[in-house]
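# Coordinate analysis (summary)
Listed here are the chains, written in short residue letters.
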Amino acid sequence: MSGQMLAVGRRVVSLAAVAVLALVGLTACSPSTKGVTGLSVDENGQLLAVLAWCTKQPPDTVLLDYLPPETASASPSGPPDLSLVLSRRSKYAVPQGATRPAMLPLVDFPPELAHHPDTAFRIFAVEDRNSFNLEPLYFRLGDLAALVPGGVMVDGGAESWEIVSADEFVRRGQEAPEC
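Residues numbered from 1 in each chain as written. Predicted model: local features only at pLDDT ≥ 70, side-chain atom pairs only at ≥ 80, totals over all residues. Heavy atoms only, no water.

### Structural notes on the pairing of strand E3 (residues 61-67)
Test applied: For the exposure calls, accessible area comes from a 1.4 Å probe over protein chains only, and a residue counts as buried if that area is under 20% of its type's maximum, exposed if over 50%, partly exposed in between. Runs of E in the DSSP output that reach at least two residues are strands. Runs of H or I that reach at least four are helices, and both are numbered from the N terminus. Here, a strand pair is defined by DSSP locating no fewer than two bridges between the strands.
Among the seven residues in E3, seven count as buried, and that is most of the element. Here E3 shows a buried face lined by Thr61, Leu63, Asp65 and Leu67 and a second buried face lined by Val62, Leu64 and Tyr66. Bridging between E3 and strand E6 (residues 120-126) involves seven bridges; their strand directions are antiparallel. Its bridge partner being in E6, Val62 is matched across the sheet by Ala125.

Quick look at the structure:
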């Protein structure tokens with residue numbers, strides 16, 4: 001009986017060690033936040049992803065996730081439940097050599113099924129090797145009416161957004177949490 005207890009004990013210790021190593025590995029691979037992601041519009045009303053970063057090279061990809069209003073959270077400006085988002089993701093390549101602030105047209109926006117003003121979105125930029133990302137912006141389709149050329153919508157904290165100047169946006173990118 002004690003031999004079986006010893007074997008079970010060893011298995012428990014082994015599984016616990018594997019779990020700790022997996023947790024350390026997962027947290028060690030989390031990318032750092034090296035800038036901010038925002039939204040603007042050009043003079044023609046084209047929606048633009050706006051990026052500012054504090055690294056030598058720009059991020060590689062802008063990711064835009066969305067949730068239809070029937071699956072989004074009840075909070076009008078808070079982060080949506082993103083567990084259902086991955087199948088609803090658009091990707092936009094950031095041109096190599098892009099300078100701050102980079103402005104990328106979000107072609108084909110909004111997605112075909114996203115026409116309700118309460119449709120929730122998350123937009124952010126990533127470096128493809130997972131070494132850094134940019135702070136995301138959460139917004140609803142109806143929030144885009146506040147955009148004007150020259151202004152940039154950014155995360156305002158406390159589940160809200162705010163509009164800032166392009167200069168202020170670049171400053172925030174340079175002062176990101178992990179710069």
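Let us keep going from here.
### Notes on unusual backbone geometry
Of note, the amide linkage connecting Arg100 to Pro101 takes the cis form, showing an omega dihedral of -10°. One can find Pro101 in the loop between strand E4 (89-93) and strand E5 (102-105). One non-glycine residue, Asp108, lies in the positive phi region at around 65°. Positionally, Asp108 belongs in the loop between E5 and E6. Among the residues examined, Asp108 registers a relative accessible area of 67% and is labelled exposed. Within the chain, Asn130 stands out as a residue other than glycine whose phi angle is a positive 65°. With respect to the element layout, Asn130 can be found in the loop between E6 and strand E7 (132-135).

### A few points about the pattern of salt bridges
Close approach of charged atoms allows side chains with opposite charge to pair. What counts, and what does not: Definition used for salt bridges: Asp or Glu carboxyl oxygen within 4 Å of a side-chain nitrogen of Lys or Arg.
Throughout the structure, instances matching the rule amount to seven salt bridges. Arg122 is paired through a salt bridge with Asp65; the nearest N and O atoms lie 2.6 Å apart. With Arg122 in strand E6 and Asp65 in strand E3, this pair connects stretches of sequence that are 57 residues apart. Neither residue differs from the other here; Arg122 and Asp65 are each classed as buried. Among the ionic pairs, Glu127 bridges to Arg129, the shortest N-O distance being 3.1 Å. The exposed category is assigned to Arg129, whose relative accessible area is 66%. A network of salt bridges, in which partner residues are shared, links Glu162, Glu168, Arg171, Arg172 and Glu175.

### Overview of the environment of Gly142
As for its placement among the helices and strands, Gly142 is situated in the loop between strand E8 (137-140) and strand E9 (151-157). Classification of Gly142 by relative accessible area gives partly exposed; the value is 39%. As a C-alpha pair, Gly142 and Ala120 span 22 residues in sequence and 9.2 Å in three-dimensional space.

### Topic: the environment of Gln174
Relative to the helices and strands, Gln174 is located in helix H2 (residues 166-174). Between the alpha carbons of Gln174 and Gly35 there is a distance of 6.5 Å; along the sequence they are 139 residues apart.

### Remarks on the pairing of E9
Relative to strand E10 (residues 160-165), E9 runs antiparallel, the two being bridged by six bridges. Across the sheet, residue Val152 finds its bridge partner in E10, namely Val164. From the end of E9 to the start of E10, which pair antiparallel, there are two residues, and Ala158 there has a positive phi angle of about 50°.

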